[in-house]
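# Chain and residue survey
Spelled out, the chains give:
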Amino acid sequence: AQRVTQPEKLLSVFKGAPVELKCNYSYSGSPELFWYVQYSRQRLQLLLRHISRESIKGFTADLNKGETSFHLKKPFAQEEDSAMYYCALSQGGYQKVTFGTGTKLQVIP
Amino acid sequence: DAGITQSPRHKVTETGTPVTLRCHQTENHRYMYWYRQDPGHGLRLIHYSYGVKDTDKGEVSDGYSVSRSKTEDFLLTLESATSSQTSVYFCAISDLAGTDGGYTFGSGTRLTVV
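Rules behind the numbers
- Residues numbered from 1 in each chain as written.
- Chains lettered and ligands numbered in written order.
- Predicted model: local features only at pLDDT ≥ 70, side-chain atom pairs only at ≥ 80, totals over all residues.
- Heavy atoms only, no water.
- Pairing = 2+ DSSP bridges.
- Helix = DSSP H or I, 4+ residues; strand = E, 2+ residues; numbered from the N terminus.
- Phe/Tyr/Trp six-rings, centres within 6.5 Å; stacked < 30°, edge-to-face > 60°.
- Buried < 20%, exposed > 50% of the residue type's maximum accessible area, 1.4 Å probe, protein only.
- Disulfide = S-S within 2.5 Å.
- Contact = heavy atoms within 4.5 Å.
- Buried area = accessible area lost by both parts, 1.4 Å probe.
- Salt bridge = Lys/Arg side-chain N within 4 Å of Asp/Glu carboxyl O.
- Polar contact = N/O pair within 3.5 Å; in protein donor to acceptor, adjacent residues only side chain to side chain.
- Nonpolar A, V, L, I, M, F, W, Y, C, P; charged D, E, K, R; others polar.

## Looking at the sheet that holds strand S8 (residues 72-74) of chain A
All names here are of chain A. Reading across from one edge, S3-S8-S7 is the order of the three strands in this open sheet, with antiparallel pairing throughout. The open sheet is flanked by strand S3 (19-21) and strand S7 (60-61), the only strands paired with a single partner. The sheet contact formed by S3 and S8 spans three bridges and is antiparallel. Counterpart to Glu20 in the pairing with S8 is Lys73.

Dropping the structure here:
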């Protein structure tokens, strides 16, 4: 069975500090991985997906198949980055997606 | 707008009563999903649909049923609400064709069972 693990419930960083939100997965097939973000009182929205290798709002994530990780990184945190972040894995087919438990990022001014 | 709406946005109901939540989309997407969001559990899949009248169970389907009689509507019913079903419920849609698997989410329904 597929599983997504986000080991940190809360991550607090100072403004301007680097950010790394950890995500590890277990899946026997070829994974499709995503990061979703939920700002306060808003709907979840797709932040980025590994296949597009894009950078959104300064965030990047690299799929490391050897370490089965998909960590989300940003070199300099901003206050508006404070939100809940979910790592997610798609098993293809019906596009059913499994989510991690989420990490709350708190950027301290 | 994202083309997906959920109703109601908030609901308080009593234990033992049936409750129906509605998800409506204007994107003509084939796939629709119901998740619940709980602290410490993240999002867990309740049921999903891969077409009109085609539905299947997710990992936490006990106590829930769904129906999809039209492409645009996906209903989630709590047959007899319990306090453990107090949660925030999110609907999501996706269109496999021509996409890379990302979901579009609704704004959520906050359900409280007292």
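## So, the packing of aromatic side chains
Inspection of the entire model under this criterion finds 16 aromatic pairs over all chains. Residues Phe99(A) and Tyr35(B) carry aromatic rings whose centres are separated by 5.2 Å and whose planes lie at 85° to one another, so their mutual orientation is edge-to-face. Taken together, the residues Phe99(A) in strand S10 (residues 97-99) and Tyr35(B) in strand S4 (residues 31-38) connect one chain to another. Ring geometry for Tyr33(B) versus Tyr103(B): centroids 4.4 Å apart, planes at 25°, classification stacked. A residue pair is termed long-range when its members are at least 10 positions apart, and Tyr33(B) in strand S4 and Tyr103(B) in the loop between strand S9 (87-94) and strand S10 (104-105) qualify at 70 residues. Grouping residues by exposure puts Tyr33(B) and Tyr103(B) together as buried. Through a chain of ring-to-ring contacts, three or more aromatic side chains come together here, namely Phe34(A), Tyr36(A), Tyr86(A), Phe99(A), Tyr33(B), Tyr35(B), Tyr48(B), Tyr50(B), Phe90(B), Tyr103(B) and Phe105(B).

## Quick word on the environment of Asp62(A)
Within the secondary structure, Asp62(A) is located in the loop between S7 and S8. The spatial distance from the C-alpha of Asp62(A) to the C-alpha of Leu72(A) is 7.6 Å, given a sequence separation of ten residues.

## Examining the state of the cysteines
Tallied over the full model, the rule gives two disulfides over all chains. Here Cys23(A) engages in a disulfide with Cys87(A); their sulfurs sit 2.0 Å apart. Since a negative S-S torsion denotes a left-handed disulfide, the Cys23(A)-Cys87(A) link at about -65° is left-handed. Taken together, the residues span a long stretch of sequence, with Cys23(A) in the loop between S3 and strand S4 (24-26) and Cys87(A) in strand S9 (residues 83-90) at a distance of 64 residues. Residue class for Cys23(A) comes out buried when judged on its relative accessible area of 0%. Looking at Cys87(A), the relative accessible area reads 0%, which means it is buried. Linked covalently through their sulfurs, Cys23(B) and Cys91(B) form a disulfide whose S-S length is 1.9 Å. The chirality of the disulfide connecting Cys23(B) with Cys91(B) is left-handed, given an S-S dihedral of about -75°. One end of the pair, Cys23(B), is in strand S3 (residues 19-25); the other, Cys91(B), is in strand S9, and 68 residues separate them in sequence. Take Cys91(B): its relative accessible area is 0%, and that puts it in the buried class.

## A closer look at the interface of chain B and chain A
Between chain B and chain A, the contact holds 24 residues from the first and 18 residues from the second. Of the roughly 1,900 Å² buried at the junction of chain B and chain A (both faces included), carbon and sulfur atoms supply 56%. Along the contact surface separating chain B from chain A lie zero salt bridges. The interface formed by chain B and chain A holds seven residue pairs in polar contact (both at pLDDT 80 or more) in total. Going through the elements one at a time, S4, strand S5 (42-51) and S9 of chain B are the ones with two or more residues in the side of chain B that touches chain A. A total of five residues in the side of chain B that touches chain A trace back to one element, the largest contributor, which is S5(B). Tallied by class, the residues present in the side of chain B that touches chain A amount to 13 nonpolar, nine polar and two charged.

## Let's talk about the pairing of strand S11 (residues 103-108) of chain A
Residues and elements named next belong to chain A. Of the two faces of S11, only one is covered, namely that formed by Thr103, Leu105 and Val107; the face formed by Lys104, Gln106 and Ile108 stays uncovered. Two strands pair when backbone bridges link them, and strand S2 (residues 10-14) and S11 are joined in this way by five bridges, in the parallel orientation. Its bridge partner being in S11, Ser12 is matched across the sheet by Gln106. Here S9 pairs with S11 via three bridges, running antiparallel. By the bridge assignment for S11, Ala83 is matched with Leu105.

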